[in-house]
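Observations on the model geometry
Chain by chain, the residues run as shown.
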Amino acid sequence: MNLRNFFAELRRRNGYKVAVAYAVDGWVIAQIATQIYQFLEIPNWIVSMVIILIAIGFPIALVIAWAFEATPE
């Protein structure tokens, strides 16, 4: 499979939509975590762990979207 076919298949399976939605949601969660950690006296390593888990979850979300073709139907 060449690169052009890969991106066409990614578009067909709504991979772009999942990637953008996950990136926006992950960014919001990271912003919330970094803003409230001082107020709630949460250790810095927990905030770092949240960001690492968001980063690890990104390729997993793309694989799931690819496998199940998440569509409104």
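Residues numbered from 1 in each chain as written. Predicted model: local features only at pLDDT ≥ 70, side-chain atom pairs only at ≥ 80, totals over all residues. Heavy atoms only, no water.

At a minimum axis separation of 10 Å, helix H2 (residues 15-36) and helix H3 (residues 44-68) run at an interaxial angle of 170°. Compared by their axis directions, H2 and H3 come out roughly antiparallel. Between H2 and H3, the contacting residues are Gly-15, Val-18, Ala-19, Tyr-22, Gly-26, Ile-29, Ala-30, Ala-33 and Thr-34 on the first element and Val-47, Val-50, Ile-51, Leu-53, Ile-54, Gly-57, Phe-58, Ala-61, Leu-62 and Ala-65 on the second. Partitioned by chemical class, the residues of the contact of H2 with H3 number 15 nonpolar, four polar and no charged. (Axes fitted to C-alpha atoms, helices over the stretch in contact; angles between N-to-C directions. Helix = DSSP H or I, 4+ residues; strand = E, 2+ residues; numbered from the N terminus. Parallel < 35°, antiparallel > 145°, perpendicular 65-115°, else oblique. Contact = heavy atoms within 4.5 Å. Nonpolar A, V, L, I, M, F, W, Y, C, P; charged D, E, K, R; others polar.)

Across the protein chain, the average pLDDT comes to 84, with 92% of residues at or above 70. Mean pLDDT in the protein chain bottoms out at helix H1 (residues 3-12), which sits at 74, and peaks at H2, which reaches 90. (pLDDT = per-residue confidence, 0-100.)

Moving on: the environment of Trp-45. Inspection of the secondary structure puts Trp-45 in helix H3. With a relative accessible area of 58%, Trp-45 lands in the exposed category. (Buried < 20%, exposed > 50% of the residue type's maximum accessible area, 1.4 Å probe, protein only.)

Here H3 spans 36 Å end to end across 25 residues, near enough to the 36 Å set by a 1.5 Å rise per residue. The axis of H3 is deflected most strongly, by about 30°, at Gly-57, and proline Pro-59 appears within four residues downstream. Taken together, the buried positions of H3 are occupied by Val-47, Ile-54, Gly-57, Ala-61 and Ala-65. Looking at the packing, one finds that the buried side of H3 touches H2. (Expected span 1.5 Å × (residues − 1). Bend = angle between axes of the 7 residues up to and from the residue.)

On to H2. End to end, H2 covers 32 Å across 22 residues, agreeing with the expected 32 Å (1.5 Å per residue, within 8%). Here H2 has its buried residues at Gly-15, Ala-19, Gly-26, Ala-30 and Ala-33. An end-on view of H2 places all buried positions within 65° of arc, on one side of the element. The exposed residues of H2 that point more than 90 degrees off its buried face are Lys-17, Val-20, Trp-27 and Gln-35. The inward-facing, buried residues of H2 contact H1 and H3. (Arc of directions from axis to C-beta.)

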